Amino acid sequence: MTRLKSGGALIDRDTSVTFTFDGKPFRGMKGDTLASALLANGVRLVNRSYKYHRPRGVVTSGPEEPNALVNLGSGDRHEPNIRMTQIELFDGLEATSQNRYPSLKSDVGVLNAAASRLYPAGFYYKTFIHPRVAWKHLFEPVIRRIAGLGRAPTEADPDTYEHQYAFCDTLIAGGGPAGLLAARRAGEAGERVMLVEQTERWGGRLLTDDDAEIDGKPARDWIAGQVAALEAMENVTLRLRTCCSAAFDHGYALLYERRADHMTPTGPRHRLWRVRAGQIVGATGMIERPIPFYGNDFPGVMLASAVRDYVRLWGVAPGQRTVLYTTNDDGYRTALALHEAGCHVAAILDARADPVGILVEQAREAGLTVMSATGIGKVSGNRDGVREIQTVPLDRGDDVELGKRIECDCVAMAGGWSPVVHLYSHSGGKVVWDADRAMYRPDPENPPRDRHGEPYVRLVGGAGGALTTGDVLASVGGATPSVVAAAEQPARPVWFTPSQGKAALGGKHFLDYQNDVTVADIRLAAREGFESVEHAKRYTTLGMATDQGKLSNINGHAILAETLGKAMADVGTTTFRPPYTPISMGVIAGQEKGLLFKPVRQTALHDWHAEQGAEFEPVGDWRRPYRYQRDSEGREASITREIKRVREKVGLLDASTLGKIIVRGPDAGKFLDLMYTNMMSTLKPGKCRYGLMCNDNGFLMDDGVVARLDEQTFLCHTTSGGSDRVHAWMEEWLQTEWFDMRVLTANVTEQWSQFAVAGPNARALLERLEGDVDFAALPFMGFAEGTVAGMPVRVFRISFSGELSYELAVPTSYALSLWEALLDVGGDLGVGPYGTEALHVLRAEKGFIVIGDETDGTVTPHDVGMSWAVSKKKDDFIGKRAMERSDLTRQGRKQLVGLLTEDPGYVLPDGAHALSKDGERAIGHVTSTYHSPTIGRSIAMALIEGGMDRMGETVQIGIDRKTSVKAVIASPVFYDKDGARQNV
Amino acid sequence: MLLIQCPVCGVEAEETEFAPGGEAHILRPEPGCSDAEWSAYLFERKNPRAVHYERWRHAFGCGKWFHMARHTHTLEIFGVYAADAPEPPQEIRDRIAERTAP
Amino acid sequence: MSDLSLARAALDVSPPSGLGAQVEAMPLRGMVTIRGDLGDAGFAAALQAATGCAVPEVRGSTVSGDTRVLWMSADEVMIFCAWDAAPGVVATFMEKAGDAHVLALDVSDARAVFRVSGEKAWRVLAKGAPVDLERMEPGEVRRTRIATVAAGIVRTDGDAFEIFCFRSFSTYLWNWLCVGAGAESLSDL
Ligand SMILES: [Zn+2]
């Protein structure tokens, strides 16, 4: 056990927590993370690397962790790739390691590592190209087995998630000293403030590095005071476990709240805050940089800041003998923390020639060995971790050799600090290289700008480049608290060691732990010409793993610059993309999953249809009955039954989904003349006319029956699912082109439910209902209003089946009453419902088109044989001018025809292509195809080049690569060509 | 995601409440126009990396169309104005001149 | 003999309660869409005669007894009234409007209305409406989307909101509101 006897600000030593890792039970303490608990149990090997399957341990104590990814949970709560440094321990937690087979300790993938010279940068690009045939049978299966981090869940996620929209003047990301102070200032100014912190605690690094005094108080007391003051402000919202994942344009930010990852969920597990903020203050701090040296990936090599976090926050000693390798004064805090906790510090290697500062002196006074101008040349160890290091002198030219061996089980790296500038970069701000402080910091000249062109993201504290507590608090602005802290001397940037000479071994200096990218890979990429940082990134995969290069990018870019002989500022950096850390898939969906996945529109008769055995089909957002199942009959049988009912007796169709738009005004007729290809202004009140609607490209976009209700009022029917589109289309022209027209529209689709009553017995059925509508007197294409069975109805004598047919519209709250009344009185007339499939066969038998079946956005009315519906008398209508363009008037355009297969029993596949005589070219395609029970054979409609001039010609229809069938081109009207049946 | 103020109902709302309608101030030629004019009306659009005058509709809100002057790269919005305006109002053009001055 | 129960059949679910928000499906309501020139004195007089209400301010509403007039757009208002009063509102308005270029339609069956009330009511709606509901004024009308459904929201009084949407979406929106109002997460919002 490596739990220290005392210390650990976050743990509750009296409450023990049990958990399992790879099936083995462990005990931790309340307040532990999974990482601290495993370290406390002496577990150092926690993962295998992705490419070489090298043994890896915990490197960090926070969200930047590249190695310690685990599968969390089991069964339907299994989730891969979770950073154990961010997992708060709870009773019953189950975690398993990743990237290993059969187990962490004896992983066979480690063979990859033995062959690591085979995997240089760009290996995959170079290798898996030839021979082509090897790809499918050799390369792909192998790559598939080894690729990917973790194991994807196989079961549906049982947890729930939600979104929450929020609005504030100032959003502050990060609850360290800068964030707390910024919130305090904004809160006192009366702003609406949100302050969020990704961990479960306030205070940031001050909790660990509590050697400063603020306003005369110990740092921790100052933090508690700020939090208490903020909690008392009604205008300030504070949220822990909430990460500002992204900052987008115009102040839009996404906050990822892990509501219940630290407990058994009650209610939604994660919450996505969709915030619109006036100002975003990024107080996101800094991340310490590692230093690449040979063997820097053995378990036990950690960031110096993480080592002291484990000591001070969780009372855990990551090692018994630690070597600190630092480039700056701050690293000495780790040596001091270890020393205070009674852990042996084997040596302090300082890259600087002459380290002096206060912290350095404190270390010397404590009796610790400080070696200046010295780095680590090599680490030796095994899967259980570091065994020893060998020093290397720095600044001695090319002939240096590795120096002294120092036995140790932990190496703490203090390579300097990188501001977390992500939020600035997400939203378009630029970062600049600050050579003095060796960091990318926000460029104040190029901030993210809001819709007024004003800056709206500001980074403060460490994120803005401040390195000391005093500078951190001063960067917030306003009155700065007084700070007493140790002064620090300048750092010396070191990108990797040794960088020259015989000792400069290059193969195992790991930059990107997660993607196994080494210093040698970057150098190879530079030599091969991948000089742009963006190209080198993609070629080597540096920074492309789930940690997005939080630890590796800066070192990688510096090495690229050095190899190219360029300044760091000239190489530049890659753009940071949201989210800052991965967010769950569930939270993106939020509440909209399962039943709520997508809105479904239902007619008033939906439940009735369902009770009658309806099989529904989607039509736009609507669900319409496709057919009704009776007893044990088959699918075909039910459709045939419904078709025959309409042809022989009388059927009812729920046509409520058809769009209904009222167009009213003195200019309504004139307006509709422009909207439709045919003339509508001449329609008499009480009459209906079928109309076609085109766009200004001359292509069909909708169709429907228009009824004139009175002199000034028209009712325009649209296709199902077309009502919103057509209504918006009309409004667009009225508002943006013909705004002088006196026309008002209203979409009344849902006010009215509408039923088709179709079949030879339709009139007899309707006449049985009491009322004042004279059905016999109503002519074809006539319209009447009146009362039927005590209900207010509109009656249209129109037909989409070719039979005697009426459509009845009633206000929707009467829908079921009218529907049931029709069924009640017509039992002996054979009345019953029919679905959309019967509807489609009935209309295809008559050669009626359906927008979206016979049309695809490139089809004109002339193409589908409806020139009769295109007025020649009008000066203008939408689509008129386009129809005069050369391509729309040329010979040989695809035209609508009927197809009769040679084998009358064979139904063509939908979309099948008609072939040219030589079989080389498609000359058209099948648009609708059915078995017609009415004429006892298959029928199809197709768009065929020059089709109207090919009547009687036989064409080949390709079925697949090898087979084709013959069909004769015919009129698309297969049944009752004279229309006698509807005119009775 | 943009934040847009609808000039009709005054609401300042996120982009998801609105529907874009492409470049503004494109005149629909008379029916007797040339093929070239008609094709320009149908297909030719500016798509600049600069200030763009464009049409938007407050689709989930008041349903009204309006015009907006927006920089396609910086996303700065210089103003919104009526759907029936034949050209951008002087006030918006002044603001653009001021904001985009070198 | 209208079938009042039918339009609400799909909504016959007990609403959740006890978490700070209550969802109710409102009974059928008279609704009238009126379009025209809202700034015209004749329009205002006809509206007053038909509803007892003045023309509302932009995004506002005016109330007289159980009738509320809601601003919907620059040239459109919606009237909420008793279900059987709607035909009378249409008739009176059209008669008083005379020859004016207006449109008045009884659309009482086109939309469903829900009421969400309680101190966490706005939090339920904020799960899917991109609107600053906390700052909405009483009587204010906001047309927006809830999830992906077009909806109108009116803050009727205090913590109570009425939501209206096309009736074909009512089952979806009812379920959506009930899931949101029933989530235990309301306690920490
Ligand atoms: Zn608006």
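## Considerations on the overall build of chain B
Item 1. Within chain B, the regular secondary structure consists of two helices and six strands.
Item 2. Element order for chain B, N to C, with α for helix and β for strand: β-β-β-α-β-β-β-α.
Item 3. Considering only C-alpha atoms, chain B reaches an extent of 40 × 40 × 25 Å along its principal axes.
Item 4. By the burial criterion, 47% of the 102 residues in chain B qualify as buried.
Item 5. Taking the intrachain contacts of chain B between residues at least 6 apart in sequence as the baseline, contacts between residues at least 24 apart amount to 43%.

## Side note on the overall build of chain C
Item 1. When helices and strands are tallied, chain C shows four helices and 10 strands.
Item 2. Going residue by residue from the N terminus, the α and β elements of chain C occur as β-β-α-β-β-β-α-β-β-α-β-β-β-α.
Item 3. Relative to its length of 189 residues, chain C is compact, with a C-alpha radius of gyration of 17 Å against a globular reference of 16 Å.
Item 4. Expressed along its principal axes, the backbone C-alpha trace of chain C runs to roughly 55 × 40 × 30 Å.
Item 5. Taking as baseline every contact in chain C between residues at least 6 positions apart, the subset at least 24 positions apart corresponds to 60%.
Item 6. Of the roughly 6,600 Å² of accessible surface on chain C, a fraction of 49% belongs to carbon and sulfur atoms.
Item 7. Counting 17 positive and 24 negative side-chain charges, chain C places the centres of these two groups 6 Å from one another.

## Re the state of the cysteines
Disulfides are covalent bonds that connect the sulfur atoms of two cysteines.
Item 1. A full pass over the atoms with the stated rule returns zero disulfides over all chains.
Item 2. Cysteine Cys 410 of chain A is unpaired, with the sulfur of Cys 408 of chain A as its nearest cysteine sulfur at 7.7 Å.

## Quick word on the coordination of the zinc ion
All names here are of chain B.
Item 1. Around the zinc ion, the donor atoms from the protein are Cys 6 (SG), Cys 9 (SG), His 58 (ND1) and Cys 62 (SG), and they sit 2.1 to 2.4 Å away.
Item 2. In this structure, the zinc ion is surrounded by four donor atoms whose angles at the metal cover 97 to 118°, and the resulting shape is tetrahedral.
Item 3. Sequence spacing among the residues donating to the zinc ion works out to C-x2-C-x48-H-x3-C. Placement of Cys 9 in the loop between strand 1 (3-5) and strand 2 (12-14) and of His 58 in the loop between strand 4 (51-57) and strand 5 (65-71) is noted, with a sequence separation of 49 residues between them. Just as Cys 9 is buried, His 58 falls in that class too.

## Some points on the packing of aromatic side chains
Item 1. Counted by the stated rule, this structure contains 22 aromatic pairs over all chains.
Item 2. Centre to centre, the rings of Trp 433 of chain A and Tyr 440 of chain A are 4.9 Å apart; their planes meet at 70°, and the pair counts as edge-to-face.
Item 3. Taking relative accessible area as the criterion, Trp 433 of chain A reaches 17% and is therefore assigned buried.
Item 4. A relative accessible area of 7% means that Tyr 440 of chain A is categorised as buried.
Item 5. Ring pairs connect the aromatic residues Trp 608, Tyr 628, Phe 755 and Trp 819 of chain A, which therefore count as one cluster.
Item 6. A cation over a ring is seen here: Arg 55 of chain B above Trp 65 of chain B, with NZ or CZ 4.4 Å from the ring centre.

## A word on the interface of chain A and chain B
Item 1. Contact residues are listed per partner, giving 30 residues for chain A and 27 residues for chain B.
Item 2. A buried area of about 2,600 Å², summed over both sides, lies between chain A and chain B, and 45% of it is on carbon and sulfur atoms.
Item 3. Broken down residue by residue, the surface that chain A buries against chain B is led by Arg 451, Gln 735 and Arg 881 of chain A, which jointly contribute 26%.
Item 4. Taken together, the links from chain A to chain B amount to six salt bridges.
Item 5. With a shortest N-O distance of 2.6 Å, Asp 696 of chain A and Arg 28 of chain B are connected by a salt bridge.
Item 6. If you look at where chain A meets chain B, you find 18 residue pairs in polar contact (both at pLDDT 80 or more).
Item 7. If you tally residues by element for the side of chain A that touches chain B, the top one is helix 20 (residues 723-736) of chain A, at six residues.

## Brief notes about the interface of chain A and chain C
Item 1. Contacts between the two partners involve 48 residues from chain A, matched on the other side by 50 residues from chain C.
Item 2. Note on chain A versus chain C: buried area summed over both sides is about 4,300 Å², and carbon and sulfur give 55% of it.
Item 3. When residues of chain A are sorted by the area they lose upon contact with chain C, Tyr 165, Leu 744 and Ser 813 of chain A head the list and together hold 16% of the total.
Item 4. Here chain A and chain C share seven salt bridges between them.
Item 5. Its salt-bridge partner being Asp 132 of chain C, residue Arg 192 of chain A comes within 2.7 Å of it at the nearest N-O pair.
Item 6. Taken together, chain A and chain C are joined by 29 residue pairs in polar contact (both at pLDDT 80 or more).
Item 7. Ranked by the residues each element gives to the side of chain A that touches chain C, the list is headed by strand 8 (residues 161-173) of chain A, at five residues.
Item 8. The class makeup of the residues in the side of chain A that touches chain C is 21 nonpolar, 14 polar and 13 charged.

## Describing the confidence of the model for chain C
Residues and elements named next belong to chain C.
Item 1. With 91% of its residues at a pLDDT of 70 or more, chain C shows a mean pLDDT of 91.
Item 2. Within the model, pLDDT remains below 50 along residues 1-14, and this stretch shows 32 contacts once partners closer than five positions in the same chain are excluded.
Item 3. Interface scoring of the predicted complex returns ipTM 0.98; its pTM is 0.94.

## Thoughts on the sheet that holds strand 17 (residues 301-303) of chain A
All names here are of chain A.
Item 1. Spatially, 17-24-18-19-20 is the arrangement adopted by the five strands of the open sheet, whose pairing is parallel. The outermost strands of the open sheet, each flanked by one partner alone, are strand 17 and strand 20 (370-372). Sheet twist, expressed as the average angle between the axes of neighbouring strands with direction ignored, equals 20°.
Item 2. In the packing of helix 7 (residues 304-314) onto the sheet, the strands contacted are strand 17, strand 18 (321-326) and strand 24 (410-414), and the crossing angle to strand 17 comes to about 85°.
Item 3. Here helix 8 (residues 332-340) sits on the sheet and contacts strand 18, strand 19 (344-350), strand 20 and strand 24; the angle it forms with strand 19, its principal contact strand, is near 170°.

## Re the side chain of Arg 893 of chain A
Residue and element names in this part refer to chain A.
Item 1. Mapped onto the elements of the fold, Arg 893 is located in the loop between helix 24 (886-889) and strand 45 (894-901).
Item 2. Reaching out from Arg 893, the side chain makes a polar contact with the side chain of Asp 863 at a distance of 2.8 Å.
Item 3. A distance of 3.0 Å separates a polar atom in the side chain of Arg 893 from the backbone oxygen of Asp 887.
Item 4. Not counting chain neighbours up to four residues away, the residues in contact with Arg 893 comprise Phe 699, Thr 858, Thr 860, Asp 863, Asp 887, Leu 888, Ile 944, Glu 945 and Gly 946.

## A few points about the sheet that holds strand 10 (residues 160-166) of chain C
Think of a sheet as strands paired side by side through backbone hydrogen bonds, with each pair either parallel or antiparallel.
All names here are of chain C.
Item 1. Taken in spatial order, the five strands line up as 1-7-10-9-8 in an open sheet, and their pairing is antiparallel. Whereas interior strands pair on both sides, the edge strands pair on one side only; in this sheet they are strand 1 (22-25) and strand 8 (141-146). Taken pair by pair, the neighbouring strands of this sheet meet at an average axis angle of 30°, ignoring direction.
Item 2. Bridging between strand 7 (residues 111-117) and strand 10 involves six bridges; their strand directions are antiparallel. Each residue of the ladder has a partner; that of Ala 112, found in strand 10, is Cys 165.
Item 3. Contacting strand 1, strand 7, strand 8, strand 9 (149-157) and strand 10, helix 4 (residues 170-182) runs over the sheet at an angle of about 10° to strand 7.

## Digging into the packing of helix 8 of chain A against helix 9 (residues 358-365) of chain A
Residues and elements named next belong to chain A.
Item 1. Interaxial distance between helix 8 and helix 9 falls to 9 Å at its minimum, and their mutual angle equals 30°. Judged on the interaxial angle alone, helix 9 and helix 8 are roughly parallel. Our pair here, helix 8 against helix 9, has a crossing hand that is left-handed. Taken together, the residues of helix 9 that come into contact with helix 8 (itself represented by Tyr 332, Arg 333 and Leu 336) are Leu 359, Val 360, Gln 362 and Ala 363.
Item 2. Tallied by class, the residues present in the contact of helix 8 with helix 9 amount to five nonpolar, one polar and one charged.

## Structural notes on the pattern of salt bridges
Residue and element names in this part refer to chain A.
Item 1. Within the structure shown, the criterion is met by 78 salt bridges over all chains.
Item 2. Of the charged contacts, one joins Glu 361 and Arg 364 as a salt bridge, the two residues approaching to 3.2 Å between their closest N and O atoms. Within this pair, Glu 361 and its partner Arg 364 are both found in helix 9, separated by three residues, close to a single helical turn.
Item 3. Note that Arg 405 is salt-bridged to Glu 388, the shortest N-O span being 2.6 Å. Here Glu 388 lies in strand 22 (residues 385-393) and Arg 405 lies in strand 23 (residues 405-407), a separation of 17 residues in the sequence.
Item 4. A single salt-bridge network, built from bridges that share partners, covers Arg 205, Asp 209, Asp 211, Arg 308, Asp 309, Asp 330, Arg 333 and Glu 488.

## Quick notes on the nonpolar core
Item 1. Phe 21, Leu 34 and Met 84 of chain A are the most contacted members of the largest nonpolar core, which has 114 residues in total.
Item 2. The contact partners of Met 84 of chain A, leaving out residues within four places of it in the chain, are Phe 21, Thr 33, Leu 34, Ala 35, Leu 38, Val 46, Val 58, Ala 68 and Val 70 of chain A.
Item 3. By size, the runner-up hydrophobic cluster in this structure holds 76 residues, among which are Ile 280, Leu 511 and Val 517 of chain A together with Val 23 of chain C.

Procedures and definitions
- Residues numbered from 1 in each chain as written.
- Chains lettered and ligands numbered in written order.
- Predicted model: local features only at pLDDT ≥ 70, side-chain atom pairs only at ≥ 80, totals over all residues.
- Heavy atoms only, no water.
- Helix = DSSP H or I, 4+ residues; strand = E, 2+ residues; numbered from the N terminus.
- Buried < 20%, exposed > 50% of the residue type's maximum accessible area, 1.4 Å probe, protein only.
- Contact = heavy atoms within 4.5 Å.
- Rg over C-alpha atoms; globule rule 2.2 N^0.38 Å.
- Areas by Shrake-Rupley, 256 points an atom, 1.4 Å probe, with all protein chains shown as cover.
- Lys, Arg positive; Asp, Glu negative; His and termini not counted.
- Charge placed at Lys NZ, Arg CZ, Asp CG, Glu CD.
- Disulfide = S-S within 2.5 Å.
- Donors = N, O, S within 2.8 Å, 3.2 Å for Na, K, Ca; no water.
- Tetrahedral: all angles 85-135°; square planar, octahedral: opposite > 155°, others 65-115°.
- Phe/Tyr/Trp six-rings, centres within 6.5 Å; stacked < 30°, edge-to-face > 60°.
- Lys NZ or Arg CZ within 6 Å of the ring centre and 35° of its normal.
- Buried area = accessible area lost by both parts, 1.4 Å probe.
- Salt bridge = Lys/Arg side-chain N within 4 Å of Asp/Glu carboxyl O.
- Polar contact = N/O pair within 3.5 Å; in protein donor to acceptor, adjacent residues only side chain to side chain.
- Nonpolar A, V, L, I, M, F, W, Y, C, P; charged D, E, K, R; others polar.
- pLDDT = per-residue confidence, 0-100.
- Pairing = 2+ DSSP bridges.
- Axes fitted to C-alpha atoms, helices over the stretch in contact; angles between N-to-C directions.
- Parallel < 35°, antiparallel > 145°, perpendicular 65-115°, else oblique.
- Left-handed = near helix turned anticlockwise from the far one by under 90°.
- Core = buried A, V, L, I, M, F, W, Y, C linked by side-chain atoms within 4.5 Å.

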